[in-house]
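The lines below spell out each chain.
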Amino acid sequence: MSTMLNELVARLQRNVVDGQPDRDEQPMRVPASAYADPDQYRREIDRIFLKSPVMVALVAELRDAGDYVAYDLAGRPLLIVRGDDGVIRAFLNICRHRGPKVTDAVCGSARRFTCPYHSWSYDTTGNLVGVPGRETFGEIDVTGLIELPSAVVAGAVFAVLDPDGDLDAGGWLAGMEDSLSELRLNEYYPYRVPTFIDSPNWKLAADGYLDGYHIGYLHRNTIGTRSITNRNTYDFFGPHVRIGFASKLTPDFDPAAADIDYKDYLSLVHYVFPNVSLSGGHGDTLMMSRLLPGPTPDRSTTLQFQFYREPIVDEMVDVAEQKRQLYEQVVADEDCATIFQVGEALPAMGDRHFIFGRNEPANQHLHRTIASMLGGSA
Ligand code: FES
């Protein structure tokens, strides 16, 4: 029996009985311009995304040698791959000849990564192993792809997007490592069908993932039917947040019982700052959402993957695909359709502000964290 889950269930039950969620001390105002200002956006990219350790992959996505994921984050094309030597490394997905990506796929498995332009090729450890017409280049002064500082912690891969940056993933997690370890992330199997969803400013998307208040309203006909709205627990680990959602409990529920099946009584979201949401995970399924800031402040992309405790074969393929489509619909048609309206409202808001209540502490924490990292206060 997990002490952590047992305590969370008890706290959620108390919140249900008390009729309120964990709360912040005060409501908080955030200027509408914080979501649209190009200067702030540039500083968020430079000071947060390019300097902080980012959870760039799960070990579950890279189970075997040659397994890789590749996507663009904050203007950096990333390639994370498990090498033939078993080591997971993060690289810039940039050919050292003249710069194209060495793979266009989002995920897969490969023995070689070959640039489409002139066919320079790299092995799974990033080494340059093939150069057509090599004798015409003289002494080539690069040996392979540009590697990023990276480390595996609690079944997840963290990297700093600056090749010269420093990485202390354990310190960055500020105690969330134990909670993530309870999810046994490295025991999952990925459903390797990505979902890309056009989204507005990345903080508007993040606000949705951190908001336990909207579930029973915006999602009342879909995922909101299972949870009790606005009775959440919130736990903070440095910049990161764990949110507990109370499932609809039976009146005779006993949190001290030895045979609790936790996935029936609560669901969890681990938001790993700045841009990864892990939804579920203590049971049999996990949904990972990566928020990828776009080229301009008003755009981002949400990239989702589903994970299961068993390989996705046979009838599991249909199960996984149906769930993928459900979450695509929920995020695109409910969350993003709504927050795009917020994005469109920003010019009309002028220098006015939005309000986060005491019942929205994770959102308050996000905006305080960002303000602090940009050298200001919220
Ligand atoms: Fe990649 Fe020439 S640019 S091989």
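Provided above is the structure to which this section pertains.
Below, the structure is looked at part by part. None of these values were measured; they are calculated from a predicted model. Sequence order as written defines the numbering, with residues in each chain counted from 1. Predicted model: local features are reported for residues with pLDDT of at least 70 only, side-chain atom pairs are reported and counted for 80 or more only, and whole-chain, interface and lining totals are derived from all residues. Where side-chain values are given, they derive from all heavy atoms of the structure, hydrogens and water being excluded.

### Focus on the sheet that holds strand β15 (residues 240-247)
Phase 1: The pairing criterion is simple: DSSP has to find at least two bridges between the two strands. We count a stretch as a helix when DSSP gives it H or I for four or more residues in a row; a strand needs E for two or more, and each element gets its number in order from the N terminus. Spatial ordering of the open sheet is given by β13-β19-β18-β17-β16-β15-β14, a layout of 7 strands whose pairing is antiparallel. The open sheet is flanked by β13 (189-199) and β14 (227-237), the only strands paired with a single partner. Across the sheet, the mean angle from the axis of one strand to that of its neighbour is 20°, orientation sign disregarded.
Phase 2: Those strands touched by helix α1 (residues 3-18) are β14, β15 and β16 (266-272), and its axis lies near 130° from that of β14.
Phase 3: The contact criterion used is simple: two residues touch if any of their non-hydrogen atoms lie within 4.5 Å. Fitting a line to C-alpha atoms yields each axis, with helices limited to the stretch in contact; the angle taken between N-to-C directions then spans 0 to 180 degrees. Helix-sheet contacts for helix α8 (residues 361-373) involve β14 and β15, and the interaxial angle to β14 is about 35°.

### A few points about the packing of aromatic side chains
Phase 1: Each aromatic pair joins two rings of Phe, Tyr and Trp (for Trp, the six-membered one) with centres within 6.5 Å, and gets the label stacked for planes under 30 degrees apart, edge-to-face for over 60, and tilted for any other angle. Summed over all chains, the structure comprises 6 aromatic pairs.
Phase 2: When the centroid spacing of 4.9 Å and the interplanar angle of 85° are considered together, the rings of F49 and W202 count as edge-to-face. Of this pair, F49 sits in helix α2 (residues 38-49) while W202 sits in helix α5 (residues 202-209); the two residues are 153 residues apart in sequence, bridging distant segments of the chain. For the pair shown, F49 and W202 are each scored as buried. Buried residues are those whose accessible area, probed at 1.4 Å on protein chains only, stays under 20% of the maximum for their type, while exposed residues exceed 50% and partly exposed ones sit between those limits.

### Topic: the pairing of strand β17 (residues 276-280)
Side-chain direction in a regular strand flips from residue to residue, so the side chains alternate between the two faces of the sheet.
Phase 1: Burial analysis of β17 places 4 of its 5 residues in the buried class, which makes it a mostly covered element.
Phase 2: For β16 and β17, the ladder comprises 4 bridges, and the chain directions are antiparallel. Across the sheet, Y271 pairs through a bridge with S277, a residue of β17.
Phase 3: As consecutive antiparallel partners, β16 and β17 are separated by 3 residues.

### Focus: the environment of Q306
Phase 1: Checked against the element boundaries, Q306 lands in strand β19 (residues 300-308).
Phase 2: Owing to a relative accessible area of 2%, Q306 belongs among the buried residues under this scheme.
Phase 3: For the pair Q306 and V193, spaced 113 residues apart in the sequence, the C-alpha separation amounts to 8.2 Å.
Phase 4: Among residues more than four places away in sequence, those in contact with Q306 are Y189, P190, Y191, L286, M287, K323, R324 and Y327.

### A look at α1
Phase 1: One fewer than the residue count of a helix, multiplied by 1.5 Å, yields its expected span. For α1, which comprises 16 residues, the first-to-last C-alpha distance of 22 Å matches the rise-based estimate of 22 Å (1.5 Å per residue) to within 8%.
Phase 2: Turning to α1, its buried residues number three or more, namely M4, L5, N6, L8, V9, L12 and N15.
Phase 3: The inward-facing, buried residues of α1 contact α4 (176-182), β14, β15 and β16.
Phase 4: In protein, a polar contact means a hydrogen-donor-capable atom and an acceptor-capable atom, both N or O and within 3.5 Å, with residues adjacent in sequence counting only if both atoms are side-chain atoms; elsewhere, any N or O pair within 3.5 Å suffices. Looking at where α1 begins, the residue whose side-chain oxygen comes 3.3 Å from the main-chain nitrogen of M4 is S2.

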